[in-house]
Structure formats: structure tokens, C-alpha cells
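# Close look at the chain arrangement
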Amino acid sequence: MIALIDCNNFYVSCERVFDPKLKRKPVIVLSNNDGCVIARSDEAKELGIEMGAPSFMINDLIRKHGVEVYSSNYALYGDMSARVMKVIKEFIPRTEIYSIDEIFADVSSLTHNNLTDLAKEIKESVMRCTGIPVSIGIAATKTLAKLANRYAKKTSPDEAVFCADEDWKIQDILAFTEVKNIWGVGEQYHKLLNKNGFHTAADFVGAPQAWVRKEMAVVGLRTQQELRGIACIEWHDESKGKKNICTSRGFGKLITTKREVQQAIATFTSSCAQKLRKQNSCAQRIHVFVQTNIHRKEDDQYFHSISLDVGVPTNSTRELLKYAMKALDIIYRPGFKYNKTGVMVMDLIPANQTQLGLFETGSSRAKEKATMVAVDAINKVYGCDVVRVAKQEFNTKWKLRQQHLSKRYTTRFSDLMKVKAR
Amino acid sequence: MKNGNELKTVAYAGFPSPADDYLDPELDFNAYFRKNPAATVAVRVKGDSMVDAFIPHNSIVIVDRSLRPPNNSIVIATLNGENVIKHLVRTVDGLWLLPANDKYKSVRLTEEMDFAVWGVARHVIIDL
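Values in this document were obtained by computation on a predicted structure and should not be read as measured data.

Counting residues at the interface gives 30 residues for chain B and 23 residues for chain A. For the pair chain B and chain A, the summed buried surface comes to about 2500 Å²; carbon and sulfur atoms form 54% of the total. In this assembly, chain B and chain A are joined by 3 salt bridges. The salt bridge involving B:Asp114 is made with A:Lys23; its shortest N-O contact spans 2.9 Å. The interface formed by chain B and chain A includes 18 residue pairs in polar contact (both at pLDDT 80 or more). Going through the elements one at a time, β1 (40-46), β3 (73-79) and β4 (82-91) of chain B are the ones with two or more residues in the side of chain B that touches chain A. Top element by residues in the side of chain B that touches chain A is β1(B). It accounts for 7 residues. Bridge analysis of strand β14 (residues 417-420) of chain A against β1(B) gives 4 bridges, and the strand direction is parallel. Directly across from A:Met417, in β1(B), lies its bridge partner B:Val43.

On to the environment of A:Arg318, then. All names here are of chain A. Considering the arrangement of structural elements, one finds arginine 318 in helix α12 (residues 317-331). Take arginine 318: its relative accessible area is 44%, and that puts it in the partly exposed class. Taking the C-alpha atoms as reference, arginine 318 lies 9.5 Å from alanine 266; in sequence the two are 52 residues apart. Those residues in contact with arginine 318 that sit more than four places away from it in its chain are Glu368, Thr371, Met372 and Val389.

Side-chain pairing between opposite charges can occur once the charged atoms of the two side chains come close. Residues and elements named next belong to chain A. Considering all chains together, one arrives at 25 salt bridges over all chains under this definition. Between lysine 45 and aspartate 42 there is a salt bridge, with its nearest N and O atoms 3.8 Å apart. Here lysine 45 and its partner aspartate 42 are both found in helix α2 (residues 42-46), 3 residues apart, which amounts to about one turn of the helix. The partly exposed category is assigned to aspartate 42, whose relative accessible area is 42%. One salt bridge connects aspartate 299 with lysine 337, and the closest N-O pair in it is separated by 3.6 Å. Taken together, the positions of aspartate 299 in the loop between β10 (281-292) and β11 (303-314) and lysine 337 in the loop between α12 and β12 (338-346) put the pair 38 residues apart, joining distant regions of the chain. Among the residues examined, aspartate 299 registers a relative accessible area of 13% and is labelled buried. A residue is classified by how much of its surface remains accessible, and lysine 337, at 36% relative accessible area, is partly exposed. Through salt bridges with shared partners, one network takes in Arg296, Glu298, Asp299 and Lys337.

Moving on: the packing of helix α4 (residues 74-91) of chain A against helix α5 (residues 115-130) of chain A. All names here are of chain A. Contact pair α4 / α5: the axes reach a minimum separation of 10 Å and the direction vectors enclose 145°. Considering how the two elements wind past one another, α4 and α5 form a crossing that is right-handed. Residues Met80, Arg83, Val84, Val87, Ile88 and Phe91 of α4 lie in contact with α5, whose contacting residues are Leu118, Glu121, Ile122, Ser125, Val126, Cys129 and Thr130. A per-class count over the contact of α4 with α5 returns 9 nonpolar, 2 polar and 2 charged.

Next up on the list: the sheet that holds strand β4 (residues 68-71) of chain A. All names here are of chain A. Spatial strand order, β3-β2-β4: 3 strands in an open sheet with mixed pairing. Since the sheet does not close on itself, it has two edges, and those belong to β3 (37-40) and β4, each with one partner. Strand-to-strand, the axes of this sheet are offset by a mean angle of 25°, without reference to chain direction. In this sheet, β4 lies alongside strand β2 (residues 27-30) in parallel orientation, the contact comprising 4 bridges. Within the sheet, the bridge partner assigned to leucine 30 lies in β4 and is serine 71. Running at roughly 115° to β2, helix α1 (residues 10-18) makes contact with β2, β3 and β4 of the sheet.

Rules behind the numbers
Residues numbered from 1 in each chain as written. Chains lettered and ligands numbered in written order. Predicted model: local features only at pLDDT ≥ 70, side-chain atom pairs only at ≥ 80, totals over all residues. Heavy atoms only, no water. Contact = heavy atoms within 4.5 Å. Buried area = accessible area lost by both parts, 1.4 Å probe. Salt bridge = Lys/Arg side-chain N within 4 Å of Asp/Glu carboxyl O. Polar contact = N/O pair within 3.5 Å; in protein donor to acceptor, adjacent residues only side chain to side chain. Helix = DSSP H or I, 4+ residues; strand = E, 2+ residues; numbered from the N terminus. Pairing = 2+ DSSP bridges. Buried < 20%, exposed > 50% of the residue type's maximum accessible area, 1.4 Å probe, protein only. Axes fitted to C-alpha atoms, helices over the stretch in contact; angles between N-to-C directions. Left-handed = near helix turned anticlockwise from the far one by under 90°. Nonpolar A, V, L, I, M, F, W, Y, C, P; charged D, E, K, R; others polar.

Right, here's the structure in full:
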């Protein structure tokens, strides 16, 4: 059996832990650059604020109902996420962190005879230790666990725990879930299924296998199997590290010079390289993209991306930067107002499995590696990017817009939560 | 470096150190102050109502959120939308939040109050 543990309205819940005034109030958290809504408290949902709504379009609602607005504070959310995961791992050793607020846990090897009680205990413990409310769904496969989680949240929000350990419970969940809410069914398949008379997950489970294979390919078939209780989605052990690493962000304002785009690319490349070194991987390819703001109809639009082979697999900031700049030279066009770029490093392999290039010597490799180790060590002590590549510069014009940022309560001595002694 | 012996693991050019086999790891203050790291939070005290409990203005209090508060313990609590630090005392006439300074009043908790224990104070850090 697999449990999916999911933090409820996670970013909002994090803000609420440290500010008791937010209790029972409508609260929303905005994406980077305060663009659109990415988390809502239940009260905000009731006001009709949609996920993904651009913040400028809901200004009236915000003012009228006194909605509390926050910029995303990833330093806080990341730390709180690590705390939640740590508490869960004390109960269940085999886990797979799926996202910042979701974790799969393999509960099949545990000796608990009552999984519902275990789930309740985990939920209570996470709440007590971190203040974050979670929902828990347990079922035979990942896809069913996702559905069970959603079912728990919707049908009994206070308990928010559901274990699909008997057939009638599984049937309940399948009949309850519309196909569009099945994990792995996108907009297109949702329409296709509806058109063919499949409206609930139960309908979909009954669809002829041959038809599913023909219309929805292997992915659709896999989802159907998972819903039938046959596990098809493999378990990703966390020790393996990520296969791709991406850093991308929108700019705080529109950027019109190549130099500023270069700064951003350099910063993102440096961040990707750091993450590579942290998980002991090297990248074989690098992908760079630039784009203009598609919401500004009055502007000329441009999007371009390119992937380059990096020759010898590497995790050196300097080497990756060489290729990132080359990629940018190819795709950059002057005369546009850019609002987003990103860098992705791909085809990762373990750092100890790299081979030397044709014209390299072992000592040049070792020297580059030693430099990066020193850079990481200095930055760890003196702060992020104190030592940086020159291309990053120190101008921060394109940096994030975060007008409603809360404190970094758990990671900075200067930002600790204040308690009144008066 | 991982064993916390970075100050002591030097290689002597002449004789090996007789202390080599007896090295203790350095004092680990993180482990001392954070028995349960996932549930430990540091907070900053504002005000002097807890001075008699050795918690002055601007000190840092280390809070363990996983503990259930024993009677007479010092807690961080949310009271009517505010974070406060007080003694939590259970008596025959109910639950009380008591200051540790005569200048301040005790608060008897009633049903109408929006009250919850946020965590239990475990340590105080005071810069001298």
C-alpha cells in the first residue's frame, strides 16, 4: 500500500504558522514577481478567487474582503517542507518526495495492522511539530493514493484521512472522481473521455483496454491499470538524484538589453551548477530559453530555445557558462522586451562516471574541480553568490518583485518570530 | 571534517599526537538546543514581563513545538491573535497565563478567548 501525504494550502499554512492574525481570514500567496495566485486559504477559495488568477485582476476582491496577500517566500516554504518531510520519515522510512508539499510513502512493509490509525497519528504529529495541516490518502497504487487523498479532503475535510483498503472503498472513490481530476489525465484526454461517455474514474476503469491503448497510448493504459490497483508507476528512490535541473524566473521588469539577459542567464547557470555539485552529478547538455511577455498584446512577441551538448560532462559553473552564453548568442534577438529566461541542465550522470575529453589532461579537470569546491565552501559561509562569475555582475534590476514578502522566520536570526512579553 | 574535529585533526611533522586515539567530537550546540530539529523554532522576546524567569527583552527563546506543556511550564501561546510568552499554570480555578514580573497582570483563560499553545520554551539565549 502507498500513502500520499499532501500539505493543505501549503504556502498559506506556512504563513499562518507564524502569524496568528491570519487565522480564519482569506489569505493568498502570489507567484514570483507577484504575478498570479498560487495558494489560497479555504476562505479565499470561498470568495471565488481562482488558482492562477492574475493578481491585478482580483484587486477589487482583495480590497473589498480584506484578503491578506503574500509574495512567495520560498526560503520559509522550503524549510517548513523539510520539517514536514522529516516528521513523516520518522514514521515511514521508504518515501519519495514528489513536490514541495507532497510525499509518497511506502506503507506496505510496516507492521501496523490499521493503516487508518497510522495515518491519523502521522497527521497529528505533523500538525503538532510543524503546525502544517496535511491530508492522507492510502491505496494500492500511486494514482489511487492521489485519488484517495483528494476524496479525503473533499468528503471529510476535518479528518482528511482515507484508506482505500477494501474494494467498496475503491469503488466509492472511483465513482466520486471525475476524469479530469485523475492524476495524469490532462485537458485533451479529459475532453476525449467525456466525448466518448466516460465521465468518472469508474467509467474510465471500465473502458475497453484496446480502445484506451489506441486513443491514449501507453500513458493512458498505465493510468487505467493503476486505477485497477495494478502498480505501474515505479518508485523513484531519493538517493538517485534528479535527472534534470532547471532554474528559470520571470524578471521584476521587462528587460531590453542583452547585457541584462546575460546577467540573468549567468545567475541561473550558476545556480544549476551549484545544484549539480550538491548532488554529485555532471550535465551532458544545457538548454537555454528566452521569452517576451505573452500577456502584453501591444508588444512584439518572441520565444526561442536551444539545447547544446557540453562536450565533456561537467558541473563547473565556468564551463557551463561558456555554453550558456553561446546558446544565448544563437537565440537572442535585439528589439524585444524580455520578461523571462531559464536554464536547464540535462542528461545528468554521476560525477564519478565522467570521462576526460580528447584534449584534456587530468590535472586541468582536478584544478577546475578544486576551484568549484572552494567557491561552494566560501559561499556557504559568507552567503549565496559572494563569489560569482563576472557575467553575473551586481546589478539586480531584473530581480524579483516581492512587495508582500513575510519574514524568513526559521532561517535568519534577524527574522525570528516576535513573541510579546508585556 | 564531518566528525566535528576540524580543530584537532592536524598532522604533526615529528611525532604522532598521543591524543589521537582519544579525540572527542566538538561540542554540538545544534544537537544540544534542538532535541527534535523538525519541531524546534527560535523566537525573539519583546518586552520585560518574563525577566524574573531569566528571559529578558530581546533574548532568543528556543521552542520545542512537539511537547505537550507540563503544568507551570513556560510556553509560547497565541492569545487573541497575538504571540505571547507566559507561564502556563493549571489551578483549581482554571487555566492561567502568568507573567514573571510583578508589573504585569495574570490572565485567567476563558471560553471566549482565542487561545492555543504554540510551543514549549526549552532554552534562552542571552547576548551579554
